[in-house]
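# Structure at a glance
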Amino acid sequence: MKRLSSSRTDHNKIFKALEIATIVATSLILAYLAIISIEGLQVLWAPSTQVSEPYTVIKVEAYQFGWRFIYPNGSSSSTLYLEKGKLYRLDITSRDVAHAFFVPELGLKIDAIPGYINTLWVKVDKPGKYTLVCAELCGVGHYAMIVDIIVE
Ligand code: CUA
């Protein structure tokens, strides 16, 4: 009887130790996940703080039914012109209803919303002609919101 009781105590100690080990291991895993998540989220929350090279800002205005690109010198165009290998920040908004800036070949997609500026960072190394489409049903001319992006 005494023996059984002592064995039971040993089992309890082992279970207690396992329980504590599980809690500690789980806490460490969660702490690790929290740290790497915060690092990742900081990149999303504050992209400008991560940019160490010079860049050019181009304002992008979506409207029913087209796109307007406004360059730092004040000039504008309905085709987007970029220099290859150069970093750009596109500040994207809309004059009227919700549109969406979508360049499938470059993996770029973000909403264009009136009253808000959504930012996309772009650097294209391969010269050529890319296609920008609107990816948000925005009215009868939605299908016509297709323009070129020329990278030279
Ligand atoms: Cu703009 Cu669809």
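Moving on: the overall build of the protein. What the protein contains, in helices and strands, is one helix and ten strands. Helices (α) and strands (β) of the protein occur, in sequence order from the N terminus, as α-β-β-β-β-β-β-β-β-β-β. In the protein, which comprises 152 residues, the share counted as buried stands at 14%. Sequence-distant contacts in the protein: of pairs separated by 6 or more residues, those separated by 24 or more amount to 62%.

What follows concerns the nonpolar core. In this structure, V60, A62, W67 and F101 are the most contacted members of the largest nonpolar core, which totals 19 residues. Looking at this core, the elements that each hand over two or more residues are β1 (56–63), β2 (66–70), β4 (80–82), β5 (87–94), β6 (99–103), β9 (128–134) and β10 (147–151). In terms of residues, this core owes the most to one element, β1, which gives three residues. Residue contacts for F101: discarding those within four places in its chain leaves V60, A62, I92, L108, K109, I110, A112, L120 and L132.

Moving on to the environment of A112. Among the structural elements, A112 can be located in strand β7 (residues 108–112). Separated by 14 residues in the primary sequence, A112 and A98 have C-alpha atoms spaced 5.8 Å apart. Aside from chain neighbours lying at most four places away, what touches A112 is A62, I92, T93, S94, H99, A100, F101 and N118.

Here we have five strands laid out as an open sheet, ordered β4-β10-β9-β6-β7, and mixed in their pairing. Two strands bound the open sheet, and with one partner strand each, they are β4 and β7. Sheet twist, expressed as the average angle between the axes of neighbouring strands with direction ignored, equals 20°. Pairing geometry for β4 and β10, over three bridges, is parallel. By the bridge assignment, Y81 is partnered in β10 with I150.

Cut-offs and rules
Residues numbered from 1 in each chain as written. Predicted model: local features only at pLDDT ≥ 70, side-chain atom pairs only at ≥ 80, totals over all residues. Helix = DSSP H or I, 4+ residues; strand = E, 2+ residues; numbered from the N terminus. Buried ≥ 20, exposed ≤ 12 C-beta atoms within 10 Å, placed from the backbone. Contact = placed C-beta atoms within 7 Å. Core = buried A, V, L, I, M, F, W, Y, C linked by C-beta atoms within 7 Å. Pairing = 2+ DSSP bridges. Axes fitted to C-alpha atoms, helices over the stretch in contact; angles between N-to-C directions.

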